[in-house]
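Single-letter residue listing:
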Amino acid sequence: MLTYQPQCDPYNEIFRILSLLYFDKNKQFNLDVLKILDFYFLFPQFITDIKLPKEMVSYRSRFKKYENPYAVQGTKKQLFDNLDVYQCMAIDTLVAKKIINTKYYQKNIVFLNEQIDIAPYLDQQLEQRNSDNQELLDFLVNKLSSIHFLGENGLKARTGLMEYRYDDITF
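Novice: Go over the side chain of Q87, please, and point to the residues and values.
Specialist: Turning to its location among the elements, Q87 is positioned in helix α4 (residues 76–96). Judged by relative accessible area, Q87 falls into the buried class, the value being 0%. For Q87, the side chain forms a polar contact with the side chain of D38, separated by 2.8 Å. Among residues more than four places away in sequence, those in contact with Q87 are E13, K35, D38 and F39.

Novice: Break down the pattern of salt bridges for me, citing the residues and quoting the values.
Specialist: Taken as a whole and assessed by the stated rule, the structure comprises 5 salt bridges. Its salt-bridge partner being R16, residue E13 comes within 2.2 Å of it at the nearest N-O pair. With a gap of 3 residues between them, E13 and R16 both fall in helix α1 (residues 10–23), about one helical turn apart. Each of E13, R16 and D38 takes part in a single network of salt bridges with overlapping partners.

Novice: With reference to specific residues and values, describe the nonpolar core.
Specialist: Judged by nonpolar contacts, the single largest core of 51 residues is most densely connected at F39, Y40, L140 and L144. If you list the elements that add at least two residues to this core, you get α1, α2 (31–42), α4 and α7 (134–143). Per element, the largest residue contribution to this core is 9 residues, and it comes from α2. Once residues lying within four places of it in the same chain are set aside, the contact partners of Y40 are F46, I47, I50, K76, L136, L140, L144, T159 and L161.

Novice: Hey, could you go over the packing of aromatic side chains for me, with residue numbers and the actual values?
Specialist: Think of a pair of aromatic rings as described by two things: how far the centres are apart, and how the planes are tilted against each other in angle. Scanning the entire structure with this criterion turns up 8 aromatic pairs. Ring geometry for F39 against F80: centres 5.7 Å apart, planes inclined by 85°, an arrangement best described as edge-to-face. Of this pair, F39 sits in helix α2 while F80 is found in helix α4, placing the two residues 41 residues apart along the sequence. With respect to class, F39 is no different from F80; both count as buried. Taken together, the ring pairs in this structure connect F39, Y40, F43, F46 and F80 into an aromatic cluster. Positioned above the aromatic ring of Y104, the side-chain terminus of K107 is 5.5 Å from the ring centre.

Novice: Go over the packing of α1 against α2 with me, naming the residues and quoting the values.
Specialist: In contact at an axis separation of 10 Å, α1 and α2 are set at 110° when each is read in the N-to-C sense. If you check the angle between α1 and α2, you find them roughly perpendicular. Where α1 crosses over α2, the handedness of that crossing is right-handed. On α2, the residues that touch E13, R16, I17, S19, L20 and L21 of α1 are L34, L37, D38, F41 and L42. Split by residue class, the contact of α1 with α2 holds 7 nonpolar, 1 polar and 3 charged.

Novice: How would you summarise α7 if you had to cite specific residues and measurements?
Specialist: Buried residues of α7: L136, L137, F139, L140 and V141, and no others. Residues of α7 that are buried sit in contact with α1, β1 (29–30), α2, α3 (57–60) and α6 (120–132).

Novice: Let's hear about α2: which residues, and what values?
Specialist: For α2, which comprises 12 residues, the first-to-last C-alpha distance of 17 Å matches the rise-based estimate of 16 Å (1.5 Å per residue) to within 8%. Considered for burial, the residues of α2 that qualify are L31, V33, L34, K35, I36, L37, D38, F39, Y40, F41 and L42.

So, how was this worked out
Residues numbered from 1 in each chain as written. Predicted model: local features only at pLDDT ≥ 70, side-chain atom pairs only at ≥ 80, totals over all residues. Heavy atoms only, no water. Helix = DSSP H or I, 4+ residues; strand = E, 2+ residues; numbered from the N terminus. Buried < 20%, exposed > 50% of the residue type's maximum accessible area, 1.4 Å probe, protein only. Polar contact = N/O pair within 3.5 Å; in protein donor to acceptor, adjacent residues only side chain to side chain. Contact = heavy atoms within 4.5 Å. Salt bridge = Lys/Arg side-chain N within 4 Å of Asp/Glu carboxyl O. Core = buried A, V, L, I, M, F, W, Y, C linked by side-chain atoms within 4.5 Å. Phe/Tyr/Trp six-rings, centres within 6.5 Å; stacked < 30°, edge-to-face > 60°. Lys NZ or Arg CZ within 6 Å of the ring centre and 35° of its normal. Axes fitted to C-alpha atoms, helices over the stretch in contact; angles between N-to-C directions. Parallel < 35°, antiparallel > 145°, perpendicular 65-115°, else oblique. Left-handed = near helix turned anticlockwise from the far one by under 90°. Nonpolar A, V, L, I, M, F, W, Y, C, P; charged D, E, K, R; others polar. Expected span 1.5 Å × (residues − 1).

Okay, structure coming up:
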């Protein structure tokens, strides 16, 4: 039996990354933060597992309704690790097409170029998807991405998707 796995589809990955970047076209993301946001955009049912700060705990109940219609095989950490290849491929493609700013990407900062040339049909599809996923994208792009990334209380630790114990958090 054949099953579709969106996490293994490079075109689906490109579209998800673009959706996240399009939601707030002026926002800049750390590359690893964008990868975490993409994971939760693909698997919103795992949002309830995040150790959210007190001011965001109320959001957890909003995402209990989300289910993934595709077969999920493995733990969330395994899924996240397997997704990395497709995320890197998608982001590299967007950099090569000059949709993502190349100069800052080399510094692990990802955002849309000011002058991007995207087909009107794709632009329309992105706007529609973002409209359909308004609540989820608002949480990911505006709330979850605002959590500090490093350390015990950082996004890496709160999600359990990346190792945080060896972060250099000296300022």
